[in-house]
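A look at the structure
For reference, the chains in residue letters:
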Amino acid sequence: MKPEPHQDRRNDAGEWECGRLYVVATPIGNLGDITHRALEVLKSVARIAAEDTRVTSKLLSHYGVNAPLTAVHAHNEQRAAQALVAAIARGEAVALVTDAGTPGISDPGAVVVAAVREAGYPVVPIPGPSALVCALSAAGIAETGHRFVGFLPAAKGARRQALEALRAEPVTLAFYEAPHRIRAMLEDLVQVLGGERRVTLARELTKRFEEIHVCALADAAAWLEADAHREQGEYVVLVAGAPDSGDETAAEGTRVLELLLRELPVKAAVKLAVEITGAPRNALYAQALARKNDK
Ligand code: SAM
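A brief structural summary. (Residues numbered from 1 in each chain as written. Predicted model: local features only at pLDDT ≥ 70, side-chain atom pairs only at ≥ 80, totals over all residues. Heavy atoms only, no water.)

1. Observations regarding the overall build of the protein chain
Keep this limit in mind: A helix here means a DSSP run of H or I that spans at least four residues, while a strand means a run of E at least two residues long, and both kinds are numbered starting from the N terminus. As defined in this context, the radius of gyration uses C-alpha atoms, and a globule is described by 2.2 Å times the residue total to the power 0.38. Here's how the labels work: a residue is buried when its accessible area is under 20% of the maximum for its type, exposed when over 50%, partly exposed in between, all with a 1.4 Å probe on protein chains only. Any pair of residues with heavy atoms lying within 4.5 Å of one another is described as a contacting pair. By the counting scheme adopted, Arg and Lys are positive, Glu and Asp are negative, and His together with the chain ends is not counted. Where a charge sits is defined by one atom per residue type, namely NZ (Lys), CZ (Arg), CG (Asp) or CD (Glu).
The number of helices and strands found in the protein chain is 11 helices and 10 strands. Whereas a compact globule of 295 residues would reach a radius of gyration of roughly 19 Å, the protein chain reaches 26 Å, over 25% beyond that. Taken over the C-alpha atoms alone, the protein chain extends approximately 85 × 45 × 35 Å along its principal axes. When each of the 295 residues of the protein chain is scored for burial, the buried share is 42%. Partitioning the contacts of the protein chain with sequence separation of at least 6, the portion at a separation of at least 24 is 68%. Seen as two clouds, the 33 positive and the 37 negative side-chain charges of the protein chain have centres 2 Å apart.

Next up, the structure:
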């Protein structure tokens, strides 16, 4: 028989009365970036399910946490999930962590979480660092909305195909990339999305050699090559969404108008600029008059 939904499994003091899974975010570099609550949970649970027990051991020993570790990674997640559900069913509180950041974000975790929820036990998120949010918070992107893509396929053909499918996406595209593929990835971004879009390269966030660089996609390869260290370290890559086609036409109209006004009177320049670019006549006429009045 399934247990009752977790809302019903707290006592009058609001404390959990059964086993549960805590999904705990851990630092993405700087060990100081762990929340007070995350530490309290890690110190209190009967077991910690970790993506790589060696990586998590370092974090735990830094904070003097001694709970036993169980390995849960991409290759054993189904099997491990059942064992964790059994432990929770016995009344154990279990914490789930990955090597860095928030479990389930381009990381294992979803299978365990789904199994625990399916079995009717509480899943309690303990929020904290994630490279995506960290990069977005410091990128200064005013447009709202983004699409988190995570890792693109490793093979070139599949990667370009995936990018083709994203080409018309109007919101910021957010990627994760490993250091050994960053150069090839940037090449493909330029090939498929063009060189003009703004890109934010957020490298080694929260670590000693953190860098956050904003440039046009066409200039990203030169930035990468300017320092050999840049092909090492982890990256979040944020690429501006597809430009509004109306904006592009208007910009092209202004550019052509500027050229024509050097040689022609206002009326003729506007007429030709409209014919060449399809930009709205009224807007170009107003720009031409304003330009004339400036002189
Ligand atoms: N679960 C993690 C999170 O919440 O961000 C992501 C794990 S994913 C396996 C690892 C990728 O996240 C890296 O290849 C890189 O793209 C990004 N990443 C993780 N830490 C980072 C850091 N300190 N600086 C920049 N990117 C980072």
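2. Concerning the packing of aromatic side chains
The following threshold applies: In this scheme Phe, Tyr and Trp rings, the latter by its six-membered ring, pair at centre separations within 6.5 Å, and the angle between planes marks the pair as stacked below 30 degrees, edge-to-face above 60, and tilted otherwise. A ring is considered to have a charge above it if a Lys NZ or an Arg CZ atom is located within 6 Å of its centre and within 35 degrees of its normal.
For the structure on display, the rule yields two aromatic pairs. Ring geometry for Phe148 against Tyr176: centres 5.0 Å apart, planes inclined by 70 degrees, an arrangement best described as edge-to-face. Of this pair, Phe148 sits in strand E6 (residues 146–151) while Tyr176 sits in strand E7 (residues 172–177); the two residues are 28 residues apart in sequence, bridging distant segments of the chain. Accessibility expressed as a relative area gives 9% for Tyr176, which makes it buried. Both rings, one in Phe151 and one in Tyr176, keep their centres 5.9 Å apart while their planes meet at 70 degrees; by these two values the pair is edge-to-face. Highlighted residues: Phe151 in strand E6 and Tyr176 in strand E7, separated in sequence by 25 residues. On the basis of relative accessible area, Phe151 is assigned to the partly exposed category, the value being 44%. Put simply, the rings of Phe148, Phe151 and Tyr176 pair up and form one aromatic cluster. Against the face of Tyr285 rests Arg281, its NZ or CZ located 5.2 Å from the ring centre.

3. Let's talk about the sheet that holds strand E2 (residues 47–50)
Our working rule: We treat two strands as partners when DSSP finds at least two bridges between them. In this description, a line fitted to the C-alpha atoms serves as the axis of each element, helices being fitted only across the stretch in contact, and the angle between N-to-C directions of two axes falls anywhere from 0 to 180 degrees.
Taken together, five strands build an open sheet; the order of strands is E3-E2-E4-E1-E5 and the sheet is parallel. Either end of the sheet is taken by a strand with one partner, and the two such strands are strand E3 (69–71) and strand E5 (123–126). When strand polarity is set aside, the average angle formed by the axes of neighbouring strands in this sheet is 25 degrees. Sheet analysis places E2 next to E3, joined by three bridges and oriented parallel. For Ala50, the partnering residue across the bridge sits in E3 and is Ala71. Packing against the sheet, helix H2 (residues 53–62) makes contact with E2, E3 and strand E4 (93–97), and its axis sits at approximately 155 degrees to E3. This element, helix H4 (residues 110–118), spans strand E1 (20–24), E4 and E5 of the sheet and lies at about 155 degrees to E1.

4. Regarding the site of the ligand
Which entries qualify depends on this criterion: Throughout, near means a residue has at least one heavy atom within 4 Å of the molecule or strand. We define a polar contact as two N or O atoms separated by no more than 3.5 Å, with the added condition that, inside protein, one atom must be a possible hydrogen donor and the other a possible acceptor, whereas residues neighbouring each other in sequence contribute only through side-chain atom pairs. The Shrake-Rupley method, run with a 1.4 Å probe, gives the accessible areas here. Residue values count only the displayed protein chains as cover. Only Asp, Glu, Lys and Arg are considered charged in this grouping, and only Ala, Val, Leu, Ile, Met, Phe, Trp, Tyr, Cys and Pro are considered nonpolar; every other residue, Gly among them, is considered polar.
Inspection of the region around the ligand gives 19 residues, with Asp107, Ala131, Tyr176, Leu205 and Tyr235 positioned closest. Separating a nitrogen atom of the ligand from a side-chain N or O atom of Asp107 is a distance of 2.8 Å. Here the ligand, which alone exposes 570 Å², has 92% of that area covered by the protein. Secondary-structure elements contributing two or more residues to the shell around the ligand are E7 and strand E10 (235–239). Residues belonging to the shell around the ligand are distributed by class as follows: 10 nonpolar, four polar and five charged.

5. Brief notes about the nonpolar core
Put simply, the test is: In plain words, nonpolar cores are sets of buried Ala, Val, Leu, Ile, Met, Phe, Trp, Tyr and Cys residues tied together by side-chain atoms within 4.5 Å.
In terms of nonpolar packing, the biggest core is built from 21 residues, with Phe175, Leu189, Val199, Leu201, Val237 and Val239 touching the most fellow members. Contributions of two or more residues to this core are made by helix H6 (156–166), E7, helix H7 (182–193), strand E8 (198–203), helix H8 (217–225) and E10.

6. What about the pairing of E4?
Counting buried residues along E4, five of its five residues qualify, which places the element largely inside the surrounding structure. Burial of E4 is two-sided: the residues Ala93, Ala95 and Val97 facing one way and the residues Val94 and Leu96 facing the other way are all buried. Alignment of E1 against E4, held across four bridges, turns out to be parallel. Its bridge partner being in E4, Leu21 is matched across the sheet by Val94. Note: E2 against E4, four bridges, orientation parallel. Paired with Ala50 across the bridge in E4 is Val97.

Any functional reading would require information that these geometric values do not contain.
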